[in-house]
Amino acid sequence: MKFLERGMKMLIISSYSPRECGLATFSNDILNAIKQVFGSSIPIEVCALQNDEYRLQYGKEVTYILSAHSFDDYRWVAEEINGRNDIGLVCVQHEFGLFGGDYGDHLLSFLLALNKPIVTVFHTVLPNPVEDRKNVVQAIANLSDRIVVLTKKSEDILVGHYGFQRSKIKVIPHGTHIVLWEQKEKLKAQLHFKDKIVMTTFGLISENKSIETVLYALPEVVKQHPEVIYLVLGKTHPEIIKREGEKYRNMLLEIVSDLGITDHVIFINEYLGLKQLLNYLTLSDIYLFTTKDPHQAVSGTFSYAMSCGCAVISTPIPHALESLDSGTGLLLDGFGNPEAFKKAILTLIENKEERIVMGKNAYCQTHTSTWENVAIQYGLLFGELTNRSEDLRFCLPPINTDHIKKLTTDFGILQFSRFSQPDPDSGYTLDDNARALINLIMYYEIYKDDNALKLANTYLSFIESMQRESGWFDNYKSYHRQLTTQNSAVNLEDSNGRALWSLGYTISHRHVLPQEMVLRAENCWRKAINGLTHVTSPRAISYIIKGLYHFYSVYKEDTIRESANRFADQLLYHYNFNSGHKWHWYEDYMTYANTVMPEAMMYSHLITGNELYKKIAILTFDFLLSHYFMKGQLKVISNRGWFKKENDRVFYGEQPIEVATTIIALDLFYEITGNEKYKDQLELAFSWFLGNNHLRQIMYNPVNGASYDGLEDTQVNINQGAESTLCFFKARIIMEKYVVEGTFNKSDNNLLSGQLINFEKIQKTKNNEFAFANQAFTSKSRKFTKNN
């Protein structure tokens, strides 16, 4: 691991936990997120800023403490950092009032002395600055290699009011935490707010919060809607406590008493832990943001509330102007206007559907700013400024069955989810339950988890219930377990092929599974196998061949070998009929689950020993991969339009099933051929889930182990259905063997993706192989066509 030998680190300059302030929380969150995404490939240390009056007990990541008002400390810390060869980048979290001097100009002496690349993150950007403030901000920018701001509005102010070059600025939004949508009602009941409409404000309390504006709006609201509860979460700001004690909080308590709304307002005077805070926000129906400061550039509390699915009512700070529209909340005119808040609150209370839709829209909108996605942006910036982009590694997330369990009833696995909430109306499919059976057996084989075995039994029972007397399988049943003939006919051949694959896989694991379970799978298999001779779909044929391979691994029956030959020859016929100059494929288009066909040809070779099958498998697979890997990323076929031989290809609309089936096939081809390029491509393909895609966003849910349903051109489809989740789950299990083999750092499960940046070299090698392979196989292919 050459990057770790270099030992390049990021050093964050900021207030830091356990200091109670928003910036300390922000810096702690970004450190944890970068660690989660990149592991030890971006080690981070912290230089904690603090006031002279008190000393805090920090974690081991804090290696320097800088007294904010000591001018000499800035020079001393800079020289200490300069003396270290292992610090590659210094990231300064800037907020006015955090640094000593006039307008925080003590920071300039630190930046002047530092000889490391510097990124300065401006959390507050004030328009129309006085000359002295403008000079300090410009000087900070001149001494920094890159400026980061949290909103587009802040970028515009820096350009228009401070004369910055836009090319030097990068907008990276405030991070948010991922929560599960369906927890809202559960948390309400758990925390005794069932049947209440909960409104919330949170943050360190100060007069600038203008909470009294909401309090004065409440009497009429609670008179009309006595089910309303208003939560005010957070301690008084420590700096306010020093100056005036609890004067402001006491004033708010008096207002509540005078207005007669004591039963409807709850003050929670704590600096809440993250889990507590997210629970309160998740159960909230409406988030109320008030402030007296029209220039507050960004609010972490505002971002967190949107990410928890709250409809938002806000005064018009720049962050709200940029983030809120009629679909996510209500933006008020002006500041300190109780009447405007009263009208807005009543509007959302009395229009429940509108309120829920706003919350859902806010929830979707903030997916791009999850801490994992923000960490990717900081990681890429680190790589760019340290010239170490090729050394960045993604971490493998832990294997997590939570969402699979949630999707599974006592009958089978449900088809779709709305966000992370299973959708009973979507019913059950043979496809998904066949996938689930294979995946949970894979998982059980590794971890011997009895819960996984129980789930696998459920999926096998579903498959049994879908089999007709003829041996053929239906594909779809409603949540009420009713067979719907119309839907059952959709892609029925492919579904039957997947079912046979899952049965063969189950039978091949008779050394692992209970005998009773294997016998049930064998009974289904024997009933089904003779009824599938009429299948014509190339994908269905391919799934059947995969099932035949697994069955043949334990029962060396001549009829299985003969069936494999017959089905493989059908695929070969499709190949010879459709392939041509620069088109080495089984059809005249590429659609979904494309890799299953070359994979089936390779399995046919393993069953029969026919070398032609192996050669065609490699030729067609490499041809497919040449269209999948581009500029260090995987670009699978879009679901917006198939890739036809004579047409230009459509991009975007990428789905996890395509990525996962590519990983499955790459794993097989690497195992059979030992060709390192397949392992390299496999790692690169999996990094698509981790953020190595055109949006630079994660495609999995770290909370529940689900996968998101699709990668579009500008956004991620954050529904988490069975197909997507099962595909990610299987791909993640496959990656375990590469941890064991040493491809990954087992201590933090790092994905070593740095070497994959030079993927174009692999492309050139593959193109040469196509030319050679096509020349060698053409005569054999023509002969085969004549004979068939």
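Calculation rules
Residues numbered from 1 in each chain as written. Predicted model: local features only at pLDDT ≥ 70, side-chain atom pairs only at ≥ 80, totals over all residues. Heavy atoms only, no water. Helix = DSSP H or I, 4+ residues; strand = E, 2+ residues; numbered from the N terminus. Rg over C-alpha atoms; globule rule 2.2 N^0.38 Å. Buried < 20%, exposed > 50% of the residue type's maximum accessible area, 1.4 Å probe, protein only. Contact = heavy atoms within 4.5 Å. Areas by Shrake-Rupley, 256 points an atom, 1.4 Å probe, with all protein chains shown as cover. Lys, Arg positive; Asp, Glu negative; His and termini not counted. Charge placed at Lys NZ, Arg CZ, Asp CG, Glu CD. Salt bridge = Lys/Arg side-chain N within 4 Å of Asp/Glu carboxyl O. Axes fitted to C-alpha atoms, helices over the stretch in contact; angles between N-to-C directions. Left-handed = near helix turned anticlockwise from the far one by under 90°. Nonpolar A, V, L, I, M, F, W, Y, C, P; charged D, E, K, R; others polar. Pairing = 2+ DSSP bridges. Parallel < 35°, antiparallel > 145°, perpendicular 65-115°, else oblique. Expected span 1.5 Å × (residues − 1).

1. Observations concerning the overall build of the chain
Logical step 1: A tally of helices and strands in the chain yields 30 helices and 24 strands.
Logical step 2: Relative to the globule expectation of 28 Å for 788 residues, the C-alpha radius of gyration of the chain, 30 Å, shows essentially globular dimensions.
Logical step 3: Its C-alpha atoms put the chain at 90 × 65 × 45 Å along the principal axes.
Logical step 4: Scored against the burial criterion, the 788 residues of the chain give a buried share of 61%.
Logical step 5: Here the contacts in the chain between residues at least 6 apart in sequence split such that 71% fall between residues at least 24 apart.
Logical step 6: Total accessible area computed for the chain in this model is approximately 30900 Å², and 48% of it derives from carbon and sulfur atoms.
Logical step 7: Taking the 81 positively charged and 90 negatively charged side chains of the chain as two groups, their mean positions are separated by 5 Å.

2. Some words on the pattern of salt bridges
Logical step 1: The full count for this structure, using the stated rule, is 35 salt bridges.
Logical step 2: Across the salt bridge formed by E45 and K9, the nearest N and O atoms sit 2.9 Å from each other. One end of the pair, E45, is in strand β2 (residues 44-50); the other, K9, is in strand β1 (residues 9-14), and 36 residues separate them in sequence.
Logical step 3: What makes E45 buried here is its relative accessible area of 8%.
Logical step 4: The salt bridge involving D86 is made with R84; its shortest N-O contact spans 3.0 Å.
Logical step 5: A residue is classified by how much of its surface remains accessible, and R84, at 18% relative accessible area, is buried.

3. Regarding the packing of helix α26 (residues 611-628) against helix α28 (residues 676-690)
Logical step 1: The contact between α26 and α28 brings their axes to 13 Å, and the two run at 40 degrees. As α26 packs across α28, the resulting crossing turns out to be left-handed. Mapping the contact onto sequence places I618, F621, D622 and L625 in α26 and K677, Y678 and Q681 in α28.
Logical step 2: Partitioning the contact of α26 with α28 into residue classes produces four nonpolar, one polar and two charged.

4. Looking at the sheet that holds strand β3 (residues 62-67)
Across a sheet, strands are paired by hydrogen bonds formed along the backbone, either parallel or antiparallel in direction.
Logical step 1: Pairing in this open sheet of seven strands is parallel, and the strands run β3-β2-β1-β4-β5-β6-β7 from one edge to the other. The open sheet has two edge strands with one neighbour each: β3 and β7 (169-171). Along the sheet, successive strands turn relative to each other by an average axial angle of 20 degrees, direction set aside.
Logical step 2: Bridge analysis of β1 against strand β4 (residues 87-94) gives five bridges, and the strand direction is parallel. Bridge pairing links M10 to L89 in β4.
Logical step 3: The sheet strands contacting helix α3 (residues 71-82) are β1, β2, β3 and β4, and the helix crosses β3 at an angle near 155 degrees.

5. Details of the packing of helix α7 (residues 183-190) against helix α11 (residues 274-283)
Packed helix pairs are specified by the crossing angle of their axes together with the interaxial distance, meaning the distance between the axes.
Logical step 1: As a packed pair, α7 and α11 sit with axes 8 Å apart at the nearest point and diverge in direction by 110 degrees. In terms of orientation, α7 and α11 fall into the roughly perpendicular class. Contact residues: α7 offers Q183, K184, L187 and K188, while α11 offers N279, L281, T282 and L283.
Logical step 2: Of the residues contributing to the contact of α7 with α11, the split by class is three nonpolar, three polar and two charged.

6. A look at helix α2 (residues 22-38)
Logical step 1: Here α2 is 17 residues long and its end C-alpha atoms lie 24 Å apart, about the 24 Å a rise of 1.5 Å per residue gives.
Logical step 2: Those residues of α2 lying buried are L23, A24, F26, S27, D29, I30, L31, A33, I34, V37 and F38.
Logical step 3: Backbone geometry just downstream of α2 places G39 in the positive-phi region, at approximately 60 degrees.

Shape is all these values report; function is a separate question.
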